[in-house]
Amino acid sequence: VPNADNGTVDINWQVEEKPSEQLELSAGFGGGIGLTGTLGVTFNNFSLKNITKKSSWSPLPAGDAQRLSLRVQSNGRAYRSYNFSFTEPWLGGKKRNSFSINYFNTKFSNAIDVNGSYCRSCGDTSYLKTVGFGISLGKQLKWPDDYFTLIYSLNFTQYKLRNYTQIFEGLSNGTSTNVSLKLTLLRNSAGPNPIFPTSGSNFMMSGQFTLPYSLL
């Protein structure tokens, strides 16, 4: 589209969204445990605001560069895990400030009896369940350069034990709760493809802090 007044030309280029999903799938059977496996899916260009529009479901609404991840893993009665996370990389739509939520639920069971054999009922009598939820807010920094990001994370984790002595000293039955604050300084210049970068670097330094429970 030429502009004769200022001697410039505007080029209109039609583009469309390209899927960049990731699928993880593994399965096995045997060892007296039964079926084991992992199923995970990650959508790297998810769009939460288009979730009510039927025309945008292909297979899920896309276009806002949001990241949605779901993962399920199982090792029979001995172990199972559920994980969910969602990330908005452009909170507010103007700056590269991110907002993330995540949830996980895991269970470790003592599925082996005293003879070293797999036991179908042992997992219900001795186990460790862990449930966690976290909220993170990332802020893009201007110094030392635009590749730096400071991330604040507030995490809640709860441990439920039943006849499980392998983790905590002096605690084999009951519930333990922990609330922590995590600070992360990140510099990421890897690109241009976020899944398979071919240049740049990625550095991270973090620290996690809790209340002084021993003093309280």
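Residues numbered from 1 in each chain as written. Predicted model: local features only at pLDDT ≥ 70, side-chain atom pairs only at ≥ 80, totals over all residues. Heavy atoms only, no water.

**What about the side chain of Ser136?**
Applied cut-off: Going along the chain from the N terminus, every DSSP run of H or I of four or more residues is numbered as a helix, and every run of E of two or more is numbered as a strand. Two N or O atoms form a polar contact when they lie within 3.5 Å of each other; inside protein one atom must be a possible hydrogen donor and the other a possible acceptor, and for residues adjacent in sequence the pair counts only when both atoms belong to side chains. Only heavy atoms matter for contacts: two residues are in contact if any of them lie within 4.5 Å across the pair.
For Ser136, the position within the fold is in strand S8 (residues 127–140). Looking at Ser136, its side chain comes within polar contact range of the side chain of Ser153, at 2.8 Å. Ignoring sequence-local partners within four residues, the contact set of Ser136 consists of Ser98, Phe99, Ser100, Ile151, Tyr152 and Ser153.

**Examining the confidence of the model for the protein chain**
As a reminder of what qualifies: Each residue carries a pLDDT score, the predictor's own confidence in it, on a scale running from 0 to 100.
In this model, the protein chain carries a mean pLDDT of 86, and residues with pLDDT of at least 70 account for 89%. Per-element confidence in the protein chain ranges from a low mean pLDDT of 63 for helix H1 (residues 122–125) to a high of 96 for strand S11 (residues 202–210).

**A short note on the environment of Leu181**
Its place among the elements puts Leu181 in strand S10 (residues 174–188). Sequence spacing of Leu181 and Ser136 is 45 residues, and the spatial spacing of their C-alpha atoms is 9.8 Å. Filtering out sequence-adjacent residues up to four positions away, Leu181 remains in contact with Ser153, Gly207, Gln208 and Phe209.

**Observations concerning the pairing of strand S9 (residues 148–162)**
Counted only if it meets this: At least two bridges found by DSSP between two strands are what make those strands a pair.
Pairing of S8 with S9 involves 14 bridges; the strand directions are antiparallel. When the sheet's bridge partners are listed, Gly134 is paired in S9 with Asn155. Bridge count for S9 against S10 is 14 bridges, and the pairing is antiparallel. Across the sheet, Tyr152 pairs through a bridge with Leu183, a residue of S10.

**As for unusual backbone geometry**
As a reminder, the rule being used: Only protein chains enter the area calculation, which uses a 1.4 Å probe; residues under 20% of their type maximum are buried, those over 50% are exposed, and those in between are partly exposed.
A cis amide bond, omega 0°, links Trp143 with the succeeding residue Pro144. With respect to the helices, strands and loops of the structure, Pro144 is situated in the loop between S8 and S9. The step from Gly191 to Pro192 runs through a cis peptide bond, and the omega angle for that step is -5°. The phi angle at Ala65 is positive, at roughly 60°, despite the residue not being glycine. Counting through the fold element by element, Ala65 comes out in the loop between strand S4 (34–46) and strand S5 (66–75). Overall, Ala65 belongs to the partly exposed group, its relative accessible area being 35%. For Asn163, which is not a glycine, the phi torsion comes out positive at approximately 50°. Classification of Asn163 as partly exposed rests on a relative accessible area of 43%.

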